[in-house]
Amino acid sequence: MSENYNKHKIYERNGKTYAFSDTSLQRIKEIIGRYPEAKQKSALIPVLHIAQEEFGGSLNADIMDYIAGLLNIKPIEVYEVATFYTQFYLDKVGKFMIEICQTGPCLSCGGDDMIDYLKEKLGIDVGETTADGLFTFKTVECLGACGYAPVMQVNTCFHQNLTKESIDNIIDLLRTQANEPKSNDDKWVEKFCLKK
Ligand code: FES
């Protein structure tokens, strides 16, 4: 595995270069190491998450091919997984991916009003990204937190018992956070969580 790993540390195509940071490569190496030799495909989902964090919040064919090389599997095996799970984004998304639950328990607790309010507040429809590139807004099925309905997820962070006021606060804080200077280690995922 180490030979293959070193060979695929950097990926170039069509004049673009993709390379995981040393920290991410270390994480990937550790994850791959959990599985027996020749079973490194088992590491695919966590590696896709790391890639999505590292490369700006979405995946493209080049990135998926890069991962296929790292894991020594066929590109189609990566495409199959990345296109199946809704947690992976194949189109460019905003810095903040808002996914709000549209399943029954959330809707019966006012989720439909929250969906309408988000549309109005962001000035976009479901599936769209704001013109400033900050917010992409999607509706999703049950987020597994029905007891706290209505619920939305902003990248990896959950926001529960939503009201119009709490949505205002979340959006305002995220806008402020987006304008703060970032360190070199600042990853896409970290930008999504409100600082405590
Ligand atoms: S129905 Fe919304 S979290 Fe389960």
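None of these values were measured; they are calculated from a predicted model.

Reading the values: the criteria
Residues numbered from 1 in each chain as written. Predicted model: local features only at pLDDT ≥ 70, side-chain atom pairs only at ≥ 80, totals over all residues. Heavy atoms only, no water. Axes fitted to C-alpha atoms, helices over the stretch in contact; angles between N-to-C directions. Helix = DSSP H or I, 4+ residues; strand = E, 2+ residues; numbered from the N terminus. Parallel < 35°, antiparallel > 145°, perpendicular 65-115°, else oblique. Contact = heavy atoms within 4.5 Å. Nonpolar A, V, L, I, M, F, W, Y, C, P; charged D, E, K, R; others polar. 1 Å grid on protein atoms, 1.4 Å probe; cavity = no way out; pocket = protein on both sides within 12 Å on 5 of 7 lines; lining within 4 Å. Points joined across faces, edges and corners; volume = space filled by probe spheres on them. Pairing = 2+ DSSP bridges. Buried < 20%, exposed > 50% of the residue type's maximum accessible area, 1.4 Å probe, protein only. Left-handed = near helix turned anticlockwise from the far one by under 90°.

A. Molecular detail of the packing of helix H2 (residues 22–32) against helix H3 (residues 44–54). Interhelical geometry of H2 versus H3 gives an angle of 175° and a closest axis separation of 10 Å. Accordingly, the angle class assigned to the pair H2 and H3 is roughly antiparallel. Across the interface between the two elements, Ser24, Arg27, Ile28 and Ile31 of H2 pack against Pro46, Val47, Ile50, Glu53 and Glu54 of H3. Residue classes in the contact of H2 with H3 are distributed as five nonpolar, one polar and three charged.

B. Representation of the layout of surface pockets in the model. In this structure, the second largest pocket occupies an estimated 150 Å³ of space. In terms of lining residues, the second largest pocket is bounded by Phe88, Tyr89, Leu90, Asp91, Lys92, Val93, Met97, Gly127, Thr129, Thr136 and Lys138. Residues that form the lining of the second largest pocket fall into these classes: five nonpolar, three polar and three charged.

C. Expanded view of the sheet that holds strand S6 (residues 157–159). Taken together, four strands build an open sheet; the order of strands is S4-S3-S5-S6 and the sheet is mixed. Looking at the sheet topology across the chains shown, the edges are occupied by strand S4 (135–140) and S6. Taken over all neighbouring pairs, the strand axes of this sheet differ in orientation by 25° on average, direction set aside. Across three bridges, the pairing between strand S3 (residues 96–101) and strand S5 (residues 152–154) is antiparallel. Paired with glutamate 99 across the bridge in S5 is glutamine 153. Here helix H6 (residues 104–122) sits on the sheet and contacts S3, S4 and S5; the angle it forms with S3, its principal contact strand, is near 150°.

D. Geometry of H3. Considered for burial, the residues of H3 that qualify are Leu44, Val47, Leu48, Ile50, Ala51, Gln52 and Glu53. Looking at the residues trailing H3, positive phi occurs at glycine 56, about 85°.

E. Layout of the packing of helix H4 (residues 61–71) against helix H5 (residues 75–84). Two numbers describe how H4 lies on H5: the axes approach to 8 Å, and their chain directions differ by 120°. Taken together, the axes of H4 and H5 are oblique relative to one another. You can see that H4 and H5 cross each other, and the crossing is right-handed. Two secondary-structure elements touch here, H4 through Ala61, Met64, Asp65, Ile67 and Ala68 and H5 through Pro75, Val78, Tyr79 and Ala82. Across the contact of H4 with H5, the residue classes break down as eight nonpolar, no polar and one charged.

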